[in-house]
Amino acid sequence: VAGEYARGDEALFEHHSDHLDRHHGERRMKVVIFGSYSSGKTSLVRAIDPHPSLTEVRTHDGTTTVAFDLGVRERGGLKMYFYGTPGQERFEVAREVVAFGLHLGLVIADATRGMTRFEQHVHAELKKHGIPCIVLANKMDLPGASLASVREAAGPGAVVMPITASTGEGLDALLDRIAEMARAL
């Protein structure tokens, strides 16, 4: 696995921020969402912000993100910018650009298939670089969804939360957890 994704590891996470940005007294946080193709990154951005900026193109089976999605949400005096990254490997450069300066990483996994090798790799790299991270077990409303399999794949000590991005189920708990983690930055 390491060889498959090794090219971008250092570039992807070497320029993260361990303190929140302040602009005219406003606390700002950059949250970057990683996940495999069709794991629910764009659905999560849409649940966070009903009027997101999306960079999608049509494909044979729907749409796919080709640069990044952006949603903004305020909570408890914290303005959070959520950037959804493309899930296909060919968009690695876009992920590198979007990840620059991140404060927190979200790794979203389709809980009906478990964490992919890519998602496990990104999660491991976030931890290795000391970047706060939450793993999201998405699509918990579907038959076969397993929070336990996502927890097992994420490993001991990982923060894993259930969510259904398409309905917003679990979103409030996620936003509360992010705001709590931001207080440590």
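All figures in this text were calculated on a predicted structure; none of them were measured in a lab.

(A) How the structure looks around helix α5 (residues 117-128). Under the 1.5 Å per step criterion, the end-to-end length of α5 is 16 Å for twelve residues, consistent within 8% with the ideal 16 Å. Residues F118, E119, H121, V122, H123, E125 and L126 constitute the buried set of α5. Positioned one or two residues after α5, G130 has a phi angle of 70 degrees, which is positive.

(B) Highlighting the pattern of salt bridges. In the structure shown here, the tally under the stated rule is six salt bridges. Between R75 and D172 there is a salt bridge; the shortest N-O distance is 3.6 Å. Taken together, the residues R75 in strand β5 (residues 69-75) and D172 in helix α7 (residues 171-182) connect sequence positions 97 residues apart. Since its relative accessible area comes to 47%, D172 is described here as partly exposed.

(C) Just the pairing of β5, in detail. Alignment of β5 against strand β6 (residues 78-84), held across seven bridges, turns out to be antiparallel. For G71, the partnering residue across the bridge sits in β6 and is F82. Joining the antiparallel neighbours β5 and β6 is a turn of two residues, in which G76 adopts a positive phi near 60 degrees.

(D) Structural context of the nonpolar core. Membership of the largest hydrophobic core comes to 24 residues, with the highest contact counts inside it found for L44, F82, L106, I134, L136, L174 and I178. Counting only elements with at least two residues in this core, the list comes to β2 (26-34), α3 (41-48), β6, β7 (104-110), β8 (133-138) and α7. Per-element accounting of this core gives the leading share, six residues, to α7. Residue contacts for L44: discarding those within four places in its chain leaves I33, L106, I108, L136, I163, A165, L171 and L174. Among the nonpolar cores identified, the runner-up in size contains 22 residues, and V32, Y81, Y83 and L102 belong to it.

(E) Summary view of unusual backbone geometry. Phi is positive for S38, which is not a glycine, with a value near 65 degrees. By secondary structure assignment, the location of S38 is in the loop between β2 and α3. Of note, the phi angle at K139 is positive, near 65 degrees, even though the residue is not glycine. By the secondary structure assignment, K139 is in the loop between β8 and α6 (147-154).

Parameters at a glance
Residues numbered from 1 in each chain as written. Predicted model: local features only at pLDDT ≥ 70, side-chain atom pairs only at ≥ 80, totals over all residues. Heavy atoms only, no water. Helix = DSSP H or I, 4+ residues; strand = E, 2+ residues; numbered from the N terminus. Expected span 1.5 Å × (residues − 1). Buried < 20%, exposed > 50% of the residue type's maximum accessible area, 1.4 Å probe, protein only. Salt bridge = Lys/Arg side-chain N within 4 Å of Asp/Glu carboxyl O. Pairing = 2+ DSSP bridges. Core = buried A, V, L, I, M, F, W, Y, C linked by side-chain atoms within 4.5 Å. Contact = heavy atoms within 4.5 Å.

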